[in-house]
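The lines below spell out each chain.
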Amino acid sequence: MCGIVAYIGPREAYPIILKGLKRLEYRGYDSAGVALLNHGLKIYKKKGKVADLEESLIGKDLQANAGIGHTRWATHGEPNDRNAHPHSSASGKLAMIHNGIIENYAQLKVELTKKGYQFKSDTDTEVLLNFIEDIQKNNGCELEEALRIALKRVVGAYVIVLLDREHPDTIIAARKGSPLVIGIGKGEHFLASDASPIIEYTKEVVYVNDYELAIIKRDELILKNLGNEKITPYIQKLDLELTAIEKGGYDFFMLKEIFEQPDTIFDCLRGRLDVTKGTITMAGVQNNIEQLKNANRIIIIACGTSWHAGLVAEYVIEELCRIPVEVEYASEFRYRNPVIQKGDVILAISQSGETADTIVAIERAKEQGAFIFGVVNVVGSSIARISNAGAYTHAGPEIGVASTKAFTAQLVVLTMIALKLAMEKKTIDQDRYTHLINELHNVPEKVREVLQAHQYIQELAEKYKNAKDALYLGRGYNFPVALEGALKLKEISYIHAEGYPAAEMKHGPIALVDESLPVVFVATRDSYHEKIVSNIQEIKARKGKVIAVISEGDEIIPKLANDVIVVPEADELIAPMIGTIPLQLLACYIGIAKGYDVDKPRNLAKSVTVE
Ligand code: G6P
């Protein structure tokens, strides 16, 4: 988390950095700051959002052709002006921004304190900066050399970007474990955590790899490894349009992204699913088909919403392919001693492709010889690059912190993978296969239909917005949908919500039920339908308020539920892609009705690049 932007070139740096920080605010918004180089080094920083920083700088002399900027998601040190980045070194000569965590900062701090260093902030960043400066002072070397020496001692993850008052023509950056993209313009360079601050200036980018250092001047980009050997930068062309990262008339990115889903799902299917020929084309699967279809076991690793997509995939893959599947939280997997055997395939799911726990979990599995297949949204991201093979979800940039369109795209990709493997393994018959690919083909239209009910869902949001708690229940394929619905509600409306398997609620959550508790049932028609009707009865008998997502034509549940949201009928394997939509809308409208900024929920960040 944390967003970083930097610029060096003939233009005014401040407006470019400010705009870039606004685009990266999804990565953190506890505080923001800039350091500008022009006849000296000026640092401005402020607690709060980028707009607060902007306001505080009105009337200031911000002229500079080189600068760095940061928007923070606090790890070490509470969010305040003091702990905001950029930090300045003890001598005031250097300024630095940092995304990541320096795990051995406490030890470095002790060493520096013994040498007489004092610290203005509580951050690990300031410790690292002074550590670098101390090395430079002691060795009488250039900053680049000092940085290289320092990084060999650093434990943790970082992208750092440095300005040196005495070398105003150079920006130095380094990366390990957090993302960094360099944009190459004509006589100018841009640096950022992702490409969104860069695309309106240039489409030529270089993704910096772990353990690489970048020395950047207006006309020059030098990449080196920590051994001081030069590396040829691999220049890539960005396939991203500016419109894709703007709000397009919506008040919130989250709303825009929910409403984009008919298109993003279509994009995800496009060029892959051919209903007339009955084929699914996925090069990443096809090129590794033996490895995948012969997998003894598939271990899915992911975090947050992506983990929920993994749970749906578990049900779908086991049903269609008869391969055992386990779904693991990346943060747990990486720290235990999991048994990985020959023939195990890791399916890593991530929107950002930068989630630190997922990256490390992949590395651990790779060390043990597992084959890694990545399902990732952000093209060129770390997970996309470290996977042996993969498939992009093609949902486009997702900026709202709570994931929506990336989730449905993940479900689509995972279902296509399962169908393709099932066909190869002959664990599905032709009729079922044909039926399911037709069902997939129809998802964008069905999602469009659900979205038409937005006003009604907004009314429901008004009705339930003052709830203190909520329970979300589902069975089978709809159980992960219930989990995802509950997660969306707590993330953006701060209402405590729990997702549970509908039958399991009898073993605990039912004790919470009274007339004040809304219970959301994901109860579209499937093989468990009668069972879930009984569960609804159980809640009604205890006076809970039932809101049910049901299929068209259901005549039973409307008689029981307080409110129903009707969605088009779909095969139970496909239903999660549709049943999720009203839950996203409900959470989003409740958050908005309560006056919250649903794009930037408190304490959260979109891309969790710290463990
Ligand atoms: C954060 C985001 C979630 C996301 C999770 C996993 O918590 O706020 O929306 O689901 O990280 O992120 P990933 O990018 O790996 O899918």
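Here's what I pulled together on the structure shown here.

What follows concerns the overall build of the protein chain. Looking only at helices and strands, the protein chain has 21 helices and 27 strands in total. Considering only C-alpha atoms, the protein chain reaches an extent of 80 × 55 × 45 Å along its principal axes. Across the 611 residues in the protein chain, those meeting the buried criterion constitute 62%. For the protein chain, the computed accessible surface area is about 23300 Å², with 49% contributed by carbon and sulfur atoms. For the protein chain, the centre of its 71 positive side-chain charges and the centre of its 81 negative side-chain charges are spaced 3 Å apart.

The next subject is the site of the ligand. Around the ligand, a shell composed of 13 residues is seen, among which S306, S350, Q351, S352 and T355 lie nearest. The separation between an oxygen atom of the ligand and a polar side-chain atom of S306 is 2.5 Å. One of the side-chain N or O atoms of S352 is found 2.6 Å from an oxygen atom in the ligand. With the chains in place, 91% of the 390 Å² that the ligand exposes on its own is no longer accessible.

Let's shift gears to the pattern of salt bridges. Counted under the stated rule, the structure contains 38 salt bridges. Between R432 and D571 there is a salt bridge whose closest N-O contact spans 2.9 Å. Residue R432 is located in helix α15 (residues 430-441), and its partner D571 is located in the loop between β27 (563-567) and α21 (575-593); the two are separated by 139 residues in the primary sequence. Look at the salt bridges and you will find they share partners, linking E25, K49, D597 and K600 into a network.

What follows deals with the sheet that holds strand β3 (residues 41-47). The 8 strands lie next to each other as β3-β2-β4-β1-β10-β9-β11-β15, forming an open sheet whose pairing is antiparallel. Each edge of the sheet is formed by a strand with only one pairing partner; in this case those strands are β3 and β15 (235-237). Between one strand axis and the next, the sheet turns through 20° on average, direction left out of account. One ladder, built from 3 bridges, connects strand β11 (residues 204-207) with β15; its direction is antiparallel. Note on β15: the bridge partner recorded for V206 is I235.

In this structure, L320, F373, M416 and Y472 are the most contacted members of the largest nonpolar core, which totals 97 residues. Counting residues per element, this core draws most heavily on helix α14 (residues 405-425), which supplies 12 residues. Looking at which domains feed residues into this core, each of domain 2 (253-441) and domain 3 (449-611) supplies at least three. Filtering out sequence-adjacent residues up to four positions away, M416 remains in contact with C268, L269, R272, L273, I280, M282 and L440. Core analysis: the next-biggest nonpolar cluster, separate from the first, contains 34 residues, V5, Y26, Y44 and V401 among them.

Here the focus is the pairing of strand β22 (residues 389-392). Alternating residues of β22 divide into A389 and A391, all buried, and G390 and Y392, none buried. Pairing between strand β21 (residues 371-376) and β22: 4 bridges, direction parallel. The residue of β22 that forms the bridge with G374 is G390.

Examined against the element boundaries, I578 turns out to sit in helix α21. Filtering out sequence-adjacent residues up to four positions away, I578 remains in contact with K446, V447, V450, V567, P568 and A570.

Moving on to the packing of aromatic side chains. Counted according to the given criterion, the structure contains 6 aromatic pairs. Ring centres 5.1 Å apart and planes at 50° place the aromatic pair Y7 and F190 in the tilted group. Note that Y7 is positioned in strand β1 (residues 3-8) and F190 in strand β10 (residues 189-192), a separation of 183 residues in sequence. Neither Y7 nor F190 differs from the other in exposure class; each is buried. One aromatic cluster is present, built from ring pairs that chain together Y7, F190 and Y201. Above the plane of the ring of Y29 lies K49, whose end atom (NZ or CZ) is 5.8 Å from the centre. Sitting above the plane of the F119 ring, K109 keeps its charged end 5.1 Å from the centroid.

Calculation criteria
Residues numbered from 1 in each chain as written. Predicted model: local features only at pLDDT ≥ 70, side-chain atom pairs only at ≥ 80, totals over all residues. Heavy atoms only, no water. Helix = DSSP H or I, 4+ residues; strand = E, 2+ residues; numbered from the N terminus. Buried < 20%, exposed > 50% of the residue type's maximum accessible area, 1.4 Å probe, protein only. Areas by Shrake-Rupley, 256 points an atom, 1.4 Å probe, with all protein chains shown as cover. Lys, Arg positive; Asp, Glu negative; His and termini not counted. Charge placed at Lys NZ, Arg CZ, Asp CG, Glu CD. Near = heavy atom within 4 Å. Polar contact = N/O pair within 3.5 Å; in protein donor to acceptor, adjacent residues only side chain to side chain. Salt bridge = Lys/Arg side-chain N within 4 Å of Asp/Glu carboxyl O. Pairing = 2+ DSSP bridges. Axes fitted to C-alpha atoms, helices over the stretch in contact; angles between N-to-C directions. Core = buried A, V, L, I, M, F, W, Y, C linked by side-chain atoms within 4.5 Å. Domains from an automatic or database assignment. Contact = heavy atoms within 4.5 Å. Phe/Tyr/Trp six-rings, centres within 6.5 Å; stacked < 30°, edge-to-face > 60°. Lys NZ or Arg CZ within 6 Å of the ring centre and 35° of its normal.

By themselves these figures say nothing about function.
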